[in-house]
Amino acid sequence: MSFSDLKIWSDRDISFKLSWYLGVANNKFPAKYLIARRIPVIIDLNQPTEKLWEVHSNATNEFLKLKEEIQYKNKNLLETSIPPISLMDLNVELVKRMLKHCNFCRWDCKVDRSSSGNKTGTCQLGPISKISTYFHHKGEELIFRGLHGSGTIFFTSCNMRCCFCQNGDISTDKENGVATTPNELALMSWILRVEGCHNINFVGGDPTIHLHTIIEAISLFKHFTPSESQLHNIIRNKSDKFIKYTTRKQYGDYMGEFNVPILWNSNFFMSVETMRILRTVVDVWLPDFKFGKIKKCSQVLSRTPWYFETITNNHLLIDQWGEDYSIRHLIMPNHIECCTKPILTWIKIPDALVNIMDQYHPDNYTDPKSLFYNDRFEPINRRLSKSELESAYNYAKELEIKFELITFERYL
Ligand code: SF4
């Protein structure tokens, strides 16, 4: 049985809305990064930043044309040669420049996070990216975990401060991981894919704050022949290292090139510039949508201003761009009327795939048993009640939102 034989793909809406992702996962299509590497940019990369963005915009149009020809007109990617300077090189240059006055996310801290800078912004990070662990994640949605798992890579720190964070050990501790270079990250990704993972799932904390490391790593993706010492270094924080997976080059191969879908598993609190870069490398988006319009919810529970407008703008962008995506919403106790229902009402407009998640549990600063507990979070220091859960699901049904198959597949 292969990934595409899973019964969930027989649902026409799901297979239609995720057709690009499924094609890349099955190596029928090349990942976007392979296309971006074939889009020429005629420019000296030392030009001013505004000029680079102008060229990026034109190159993105060329990228979209080639992607469409591959997806709908059976165009062979290998008919297009690799230019001296490509859109992928331009992506790497642009994110390096962004790091110097960091605007990766909506905080727009404008601090110099490169090695020459000595300031940090809200995420508290400099140039180094740390990875806490990586492994075949068998707990993601079936469309992502498939048969062999989602190749999930957990970065430390975050640009939001959710009091209930269920990955609080890494999102609130930027040091809780191993410093990883772009080349090491590329090798980790290759290992996960040739062991059978259906995608590379960048998560945290949040991956956005590590954009420079991730984009450079993707630019280095290839079939590796790692030495023993390289493997030794890489394997130490792979948490399923004791499982012996069979490795096969063909798990991730498109006409001789290393191929894997890039999955962006994020809080979506990103800048528009970051969205523009990611459009040319992300094959499937997994955006989170936590809080409704009432500012108090995001500001008290997450210490995040400008939440609703930023998140809805970014959701609208991926929908208008015709991207493959599936949204996650975690139902929170006492936040059905202010968050769940308005979010579902908003989502109804683009008629997206949604996972309405019921697994909220008190954690981090909301767990009364924790040393970190803060009693101002008393209203969300419990699990969901049956009536809250029913209210959320009934409301989604009334709106005819496409959520049941994605949400309940574990129980089918
Ligand atoms: S990633 Fe976001 S929070 Fe971190 S420095 Fe950049 S703009 Fe600020």
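It should be noted that the structure appears before, not after, this text.
Residues numbered from 1 in each chain as written. Predicted model: local features only at pLDDT ≥ 70, side-chain atom pairs only at ≥ 80, totals over all residues. Heavy atoms only, no water.

Participant: Any chance you could break down the overall build of the protein for me, citing the residues and the numbers?
Facilitator: On a plain count of helices and strands, the protein comes out with 16 helices and 10 strands. At 21 Å, the protein has a C-alpha radius of gyration in line with the 22 Å of a compact globule built from 412 residues. For the protein, with 412 residues in total, the buried portion stands at 57%. Considering only contacts in the protein between residues 6 or more positions apart, those separated by 24 or more positions represent 75%. Here the protein displays about 17,800 Å² of accessible surface, and carbon together with sulfur accounts for 51% of that area. (Helix = DSSP H or I, 4+ residues; strand = E, 2+ residues; numbered from the N terminus. Rg over C-alpha atoms; globule rule 2.2 N^0.38 Å. Buried < 20%, exposed > 50% of the residue type's maximum accessible area, 1.4 Å probe, protein only. Contact = heavy atoms within 4.5 Å. Areas by Shrake-Rupley, 256 points an atom, 1.4 Å probe, with all protein chains shown as cover.)

Participant: Please give an account of the pattern of salt bridges that cites residues and values.
Facilitator: Here the structure, examined in full by the defined rule, presents 20 salt bridges. For glutamate 93, the salt bridge goes to arginine 97, with nearest N and O atoms at 2.8 Å. Placement of the pair is glutamate 93 and arginine 97 together in helix H5 (residues 87-100), with a separation of 4 residues, close to one helical turn. Glutamate 175 serves as the salt-bridge partner of lysine 174, at 2.8 Å between the closest nitrogen and oxygen. Relative accessible area serves as the criterion here: at 28%, lysine 174 is assigned to the partly exposed category. If you follow the salt bridges from partner to partner, you end up with Asp11, Asp13 and Lys402 in one network. (Salt bridge = Lys/Arg side-chain N within 4 Å of Asp/Glu carboxyl O.)

Participant: Tell me about the sheet that holds strand E3 (residues 178-180), and name the residues and values.
Facilitator: Pairing is mixed in the open sheet, where 6 strands are placed in the order E3-E1-E2-E4-E7-E8. Lying at the two open borders of the sheet, with one neighbouring strand each, are E3 and strand E8 (284-287). Neighbour to neighbour, the strand axes of the sheet diverge by 35° on average, direction disregarded. (Pairing = 2+ DSSP bridges. Axes fitted to C-alpha atoms, helices over the stretch in contact; angles between N-to-C directions.)

Participant: Any chance you could break down the packing of aromatic side chains for me, citing the residues and the numbers?
Facilitator: Here a ring pair, both rings aromatic, is described through the centre-centre distance and the interplanar angle of the planes. For the coordinates displayed, the defined rule picks out 23 aromatic pairs. Arranged with centres 6.4 Å apart and planes meeting at 65°, the rings of phenylalanine 164 and phenylalanine 291 form a pair that is edge-to-face. In this pair, phenylalanine 164 is assigned in the loop between strand E2 (150-155) and helix H7 (168-171) and phenylalanine 291 in the loop between E8 and helix H12 (295-302), connecting sequence segments 127 residues apart. You can call phenylalanine 164 buried: its relative accessible area is 3%. Ring-pair connections join several aromatic residues into one group, and the members of that group are Phe3, Trp9, Tyr21 and Phe144. Above the ring of tryptophan 306, the side-chain terminus of arginine 106 is found at 4.1 Å from the ring centroid. (Phe/Tyr/Trp six-rings, centres within 6.5 Å; stacked < 30°, edge-to-face > 60°. Lys NZ or Arg CZ within 6 Å of the ring centre and 35° of its normal.)

Participant: Residue-level account of the side chain of arginine 328, with values.
Facilitator: The residue arginine 328 is located in strand E9 (residues 327-330) in this model. Excluding anything up to four places from it in sequence, arginine 328 contacts Glu140, Glu141, Asn265, Leu286, Pro287, Asp288, Phe289, Asn355 and Met357.

Participant: How would you explain the pairing of E2 if you had to name every residue and give the values?
Facilitator: Counting buried positions over the 6 residues of E2 gives 6, a clear majority of the element. Side chains Ser150, Thr152 and Phe154 project from E2 onto one buried face, and the interleaved Gly151, Ile153 and Phe155 project onto a second face that is buried too. As paired strands, E2 and strand E4 (residues 200-203) are joined by 4 bridges and run parallel to one another. Within E4, the position partnered with isoleucine 153 by the bridge is phenylalanine 202.

Don't take any of this as a statement about function, it's just geometry.
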